[in-house]
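Coordinate analysis (summary)
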Amino acid sequence: MMSNLKLSASVFPGIVFFSCLLLYLYSTLLPFYTSSPTESRNSQTPSLFAFSSSRPQPQCNLFHGNWVEDPSRKPIYDETCPFHRNAWNCLRNKRDNMNRINSWRWVPSECDLPRTDPARFLGLMRNRRIGFVGDSLNENFLSSFLCILRVADAGAKRWKRKGAWRGAYFPKFNVTVGYHRAVLLAKYEWQPKQSTLSDQDGQEGVYRVNVDTPADDWVNITDFYDVLIFNTGHWWSLDKFPKEKPLVFYKEGKPILPLLGMHDGFKVVVKNMASYIQKTVPSKTLKFWRLQSPRHFYGGDWNQNGSCLLDKPLEESQLDLWFDPSNNGVNKEARQLNLLIEEALQGTDIQLLDLTHLSEFRADAHPSIWLGKKDAVAVWGQDCMHWCLPGLPDSWVDILSEQIRYRFERE
């Protein structure tokens, strides 16, 4: 018995030492194999390229890459899609070179970008709603989106509720997609000049912009959609609001003094609209802000005989010449406004949909002179701003659907 006690006494310190060693190793290595509840929750719902977001960002950037010509590539819809807008239906309007326009494939630098699978996407979005809010370039985007999705549900019906300008309902999947036209996002209204005032300044009146008040077209849909894509920018020019009919900015019912110029007003509106979105749109809603779609007027602006009769995409080396603001060209506004948008959205969970760079290449993909209406070019000039369908916006849809898929497949 005494020998057993001696044995226990000699073994016990070794057991204590070994136990302490295990506890030390466990406490040291544990952080490498666990995460906080917040980190774990975020890792289950990653989203691509979130701007100022707590969600982790994947390594691959879908927005940077190059265009590769693939003669076997064909669009998945044609001119018979009922969601076309006539001026963008370049197949029906017999635009030259449509086969080549649709043969170019966007290839991100570090990964593959699959084409949207309409059935799979609609299945993922079953019982959900997607909303576009903004100007006609978001409507251009929407038209492509609807025509692609209709491939999986030929029974899709036109939809114009909740103040939507246009949209579609896909009954097989109970999915709704709507577009709300709000060109400035903020509410604005025309105020004619009082006849008793002096006419020396040449003004006919002003457009009052309430920077803290959303346009009526989308003020009531903040909790209706599961995904929202916002944009504004193409109306922020002297073409739309000349000095005879300028924008005057108001906040809390009072004019902002000193009076703001166009770009300063744009930044204030974007910042206030982003703040409104943060406060009123549920946090579970996936929110995007689409950056500017570049124009490709060559030789002058739209009202100065500018044209875009090109037969292939621009080279990378040509982009700065066309779009760098320091060159003061007619297409400079996209990059200028993007900088203001990026600054205004800092600190929000609104994700940037940066489609500008990949679109800058595609000077070949606009409707140009094929507008589907007699004398349209004589009246409006060439359209080097919107895009042919099928065409470039189909690649926008591929990117958007991938970003949405990353989010909802992980819920």
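Because the structure is a prediction, the values reported are computed rather than measured.

What about the sheet that holds strand S8 (residues 205-214)?
Strand pairing in a sheet takes place through backbone hydrogen bonds and is either antiparallel or parallel in direction. Spatial strand order, S7-S8-S10-S11: four strands in an open sheet with mixed pairing. Of all strands in the sheet, those bounded by a partner on one side alone are strand S7 (186-192) and strand S11 (254-255). When S8 meets strand S10 (residues 247-251), the two strands line up parallel, connected through four bridges. Within S10, the position partnered with Val 209 by the bridge is Phe 249. Seen against the sheet, helix H6 (residues 262-280) touches S7, S8 and S10 and runs at an angle of roughly 30 degrees to S8.

So, the environment of Asp 301
Along the polypeptide, Asp 301 turns up in the loop between strand S12 (286-290) and helix H7 (319-323). For Asp 301, a relative accessible area of 14% puts it in the buried group. The spatial distance from the C-alpha of Asp 301 to the C-alpha of Gly 329 is 9.3 Å, given a sequence separation of 28 residues. Non-local contacts of Asp 301, meaning those with residues more than four positions away in its chain, are made with Asp 239, Arg 295, Gly 306 and Val 330. Engagement of the side chain of Asp 301 in a polar contact is seen with the side chain of Arg 295, the distance being 3.0 Å.

A closer look at the packing of aromatic side chains
Taken as a whole and assessed by the stated rule, the structure comprises 21 aromatic pairs. Lying across the ring of Tyr 250, Arg 208 places its NZ or CZ 4.0 Å from the centre. In this structure, Lys 240 packs its charged tip against the face of Trp 235, placed 4.4 Å from the ring centre.

A short note on the sheet that holds strand S6 (residues 175-181)
Ordered by their spatial adjacency, seven strands build an open sheet running S4-S5-S6-S3-S9-S12-S13, and the pairing between neighbours is mixed. Only two strands of the sheet have a single partner each, and these edge strands are strand S4 (157-158) and strand S13 (351-353). Looking at chain direction, S12 and S13 are connected through three bridges and run parallel. What sits directly across from Phe 288, in S13, is Gln 351.

Observations concerning the packing of helix H5 (residues 136-150) against helix H11 (residues 392-408)
The N-to-C vectors of H5 and H11 enclose an angle of 75 degrees; their axes lie 9 Å apart at closest approach. Taken together, the axes of H5 and H11 lie roughly perpendicular to each other. Together, Leu 137, Asn 140, Phe 141, Ser 144, Phe 145 and Ile 148 of H5 and Pro 393, Asp 394, Trp 396, Val 397 and Leu 400 of H11 make up the contact between the two elements.

Focus: the environment of Asp 311
The residue Asp 311 is located in the loop between S12 and H7 in this model. Taking relative accessible area as the criterion, Asp 311 reaches 47% and is therefore assigned partly exposed. Spatially, the C-alpha atom of Asp 311 lies 7.1 Å from that of Asn 97, the residues being 214 residues apart in sequence.

Description of a nonpolar patch on the surface
Judged by side-chain polarity, Leu 309, Ile 369 and Val 377 come together as a nonpolar surface patch covering roughly 240 Å² of accessible area. Residue position: Ile 369 is located in the loop between helix H9 (356-360) and helix H10 (376-380). Judged by its relative accessible area of 38%, Ile 369 is partly exposed.

Here's the deal with the pairing of S6
With seven of seven residues buried, S6 is to be regarded as a mostly interior element. Across six bridges, strand S3 (residues 129-134) lies against S6 in parallel orientation. Considered in S6, the bridge of Ile 130 is made with Val 177. In this sheet, S6 lies alongside strand S5 (residues 166-170) in antiparallel orientation, the contact comprising five bridges. Bridged to Arg 166 within S6 is Tyr 179.

Here's the deal with the state of the cysteines
In total, this model carries four disulfides according to the counting rule given. Paired by a disulfide, Cys 81 and Cys 147 hold their sulfur atoms 2.1 Å apart. Across the S-S bond linking Cys 81 and Cys 147, the dihedral sits near -95 degrees, which makes this disulfide left-handed. On the criterion of sequence distance, the pair formed by Cys 81 in the loop between strand S1 (65-69) and helix H3 (98-101) and Cys 147 in helix H5 is long-range, its members being 66 residues apart. We classify Cys 81 as buried; its relative accessible area is 6%. Cys 90 shares a disulfide with Cys 388; S-S distance 2.0 Å. Because the sign of the S-S torsion sets the handedness, a value of about -80 degrees for the bond joining Cys 90 and Cys 388 places this disulfide among the left-handed ones. Placement of the pair is Cys 90 in the loop between S1 and H3 and Cys 388 in the loop between H10 and H11, with a sequence separation of 298 residues. Judged by relative accessible area, which is 0%, Cys 90 ranks as buried. Taking only the cysteines that form disulfides and numbering them from first to last, the protein chain has the pattern 1-4, 2-5, 3-8, 6-7.

Quick word on the side chain of His 234
For His 234, the location among the structural elements is in the loop between strand S9 (227-230) and S10. Residue His 234 is classed as buried on the basis of its relative accessible area, which comes to 11%. Within the structure, His 234 has its side chain in polar contact with the backbone oxygen of Ser 293 (distance 3.4 Å). In this structure, His 234 is in contact with Asp 135, Leu 137, Lys 240, Gln 292, Ser 293 and Met 385, ignoring residues within four places of it in sequence.

Remarks on the packing of H6 against helix H8 (residues 333-344)
With their axes 9 Å apart at the nearest point, H6 and H8 run at an angle of 35 degrees to one another. H8 is crossed by H6, and the crossing has right-handed handedness. On H8, the residues touching His 263, Phe 266, Lys 267, Val 270 and Lys 271 of H6 are Gln 336, Leu 337, Leu 340, Ile 341, Glu 343 and Ala 344. When the residues that make up the contact of H6 with H8 are grouped by side-chain class, the tally is six nonpolar, two polar and three charged.

Quick notes on the rules
- Residues numbered from 1 in each chain as written.
- Predicted model: local features only at pLDDT ≥ 70, side-chain atom pairs only at ≥ 80, totals over all residues.
- Heavy atoms only, no water.
- Pairing = 2+ DSSP bridges.
- Helix = DSSP H or I, 4+ residues; strand = E, 2+ residues; numbered from the N terminus.
- Contact = heavy atoms within 4.5 Å.
- Axes fitted to C-alpha atoms, helices over the stretch in contact; angles between N-to-C directions.
- Buried < 20%, exposed > 50% of the residue type's maximum accessible area, 1.4 Å probe, protein only.
- Polar contact = N/O pair within 3.5 Å; in protein donor to acceptor, adjacent residues only side chain to side chain.
- Phe/Tyr/Trp six-rings, centres within 6.5 Å; stacked < 30°, edge-to-face > 60°.
- Lys NZ or Arg CZ within 6 Å of the ring centre and 35° of its normal.
- Parallel < 35°, antiparallel > 145°, perpendicular 65-115°, else oblique.
- Patch = residues over 30% accessible without salt bridge, like charges linked within 9 Å, V, L, I, M, F, W, Y side chains within 5 Å.
- Areas by Shrake-Rupley, 256 points an atom, 1.4 Å probe, with all protein chains shown as cover.
- Salt bridge = Lys/Arg side-chain N within 4 Å of Asp/Glu carboxyl O.
- Disulfide = S-S within 2.5 Å.
- Left-handed = near helix turned anticlockwise from the far one by under 90°.
- Nonpolar A, V, L, I, M, F, W, Y, C, P; charged D, E, K, R; others polar.

Distances and angles like these do not, on their own, reveal function.
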